[in-house]
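# Chain and residue survey
What follows is each chain in one-letter form.
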Amino acid sequence: MTHSRTIVKMSFSHETMEGAGVRLNRAFGYHEIPAFDPFLMLDDFRADRPNDYLAGFPWHPHRGIETVTYMLEGTVEHGDSMGHVGSVDAGGVQWMTAGSGIIHQEMPKPVDGQMGGFQLWVNLPGDHKMMDPRYQEITADNIPAVTIPGGVDIRVICGTIAGVSGPVHDIMAGPEYLDVSLKPDAQFSHPVKPGYMAAVYVIGGSGRFDQQHKEELVNRTIALFGNDGDSVNVQAGGNGVRFLFFSGKPLREPIAWRGPIVMNTQEELQQAFADYENDTFIKKTS
Ligand code: FE
């Protein structure tokens, strides 16, 4: 017998400007900490107008976190201070562990006139904030798609569904990150470990994620579940529903956050910005 988790926090993503003038929708961020711990932020940069995103995210530093870029359409061209160059294309993911420091740029570009994706920030625990930077870059055809009878299709970025594990591994927060599509009126139940946070972000259609809520959640709704059950249960609406599901083990550590850098203490934050000013930000040159 499983108990469904109930929704404890729910809202629409809100429009904000980031980078060099990118108009995007933020599902949660600085103002919500620590509700989504171990996650810090989720940005939705699906956009129809190139002027909303072409300015992109020119050179900026990160330390103490991981940034996870998942693209539905278009591409993000990427380059960093260590000479790493590439792109995240439709259906692919880049799981970047900034660790001790990466300075990079991320430039969204349309393909066939379309561009859209999401960036999730995952916090690093204090004893890993200064780890060596690394990338896990997965193209669309290397993200397994699992079909569950009854109208459920899942792309497994990180975590395990029906014995199929996603390609992203060895992440400190033990996260799951799934792109779940339900056909009209289909149902989906997914276990969540005790004490782990779990949330969904709806990206298409509508559905009910909590029996207590009569209303269906729609596109651009973020919902955080409480710790009051061992599964998340979804009932798709008449047009089906598509959502990002993510869960992870809360770090429960102090958060000192300024812009693209997230540490545990103000001293560490000041050190990071001093390093950036003094050109000693990058700790690893290989
Ligand atoms: Fe960045």
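A quick note: this is a predicted structure, and the numbers were derived from the prediction, not measured.

What counts as what
- Residues numbered from 1 in each chain as written.
- Predicted model: local features only at pLDDT ≥ 70, side-chain atom pairs only at ≥ 80, totals over all residues.
- Heavy atoms only, no water.
- Helix = DSSP H or I, 4+ residues; strand = E, 2+ residues; numbered from the N terminus.
- Rg over C-alpha atoms; globule rule 2.2 N^0.38 Å.
- Buried < 20%, exposed > 50% of the residue type's maximum accessible area, 1.4 Å probe, protein only.
- Pairing = 2+ DSSP bridges.
- Axes fitted to C-alpha atoms, helices over the stretch in contact; angles between N-to-C directions.
- Donors = N, O, S within 2.8 Å, 3.2 Å for Na, K, Ca; no water.
- Tetrahedral: all angles 85-135°; square planar, octahedral: opposite > 155°, others 65-115°.

### Here's the deal with the overall build of the protein
- Along its length, the protein carries 1 helix and 24 strands.
- A globule of 286 residues ought to have a C-alpha radius of gyration of about 19 Å, and the protein, at 18 Å, matches this closely.
- Dimensions of the protein along its principal axes, counting C-alpha atoms only, are 55 × 45 × 35 Å.
- Each of the 286 residues in the protein was classed as buried or not, and the buried ones make up 54%.

### Structural notes on the sheet that holds strand E4 (residues 39–44)
- In spatial order, the strands read E2-E3-E4-E11-E6-E9-E12; together these 7 strands make up an open sheet with antiparallel pairing. Each of the sheet's edge strands pairs with one partner strand only, and the pair in question is strand E2 (14–18) and strand E12 (134–138). Within this sheet the neighbouring strands show an average axis-to-axis angle of 25 degrees, counted without direction.
- Bridge analysis of E2 against strand E3 (residues 22–28) gives 5 bridges, and the strand direction is antiparallel. In the strand pairing of E3, Glu15 is matched with Asn25.

### Thoughts on the coordination of the iron ion
- Within the first shell, the iron ion binds the protein through His60 (NE2), His62 (NE2), His104 (NE2) and Glu106 (OE), at distances of 2.1 to 2.2 Å.
- Given 4 donor atoms and angles of 86 to 175 degrees at the metal, the environment of the iron ion is assigned as irregular.
- Along the chain, the residues donating to the iron ion fall in the pattern H-x1-H-x41-H-x1-E. We note that His60, like His62, is buried.

### Here's the deal with the sheet that holds strand E5 (residues 57–62)
- What the 4 strands build is an open sheet, ordered E5-E10-E7-E8; its pairing is antiparallel. With one partner strand each, in any of the chains shown, E5 and strand E8 (85–89) form the two edges of the open sheet. Sheet twist, expressed as the average angle between the axes of neighbouring strands with direction ignored, equals 25 degrees.

Taken by themselves, the reported measurements are silent on function.
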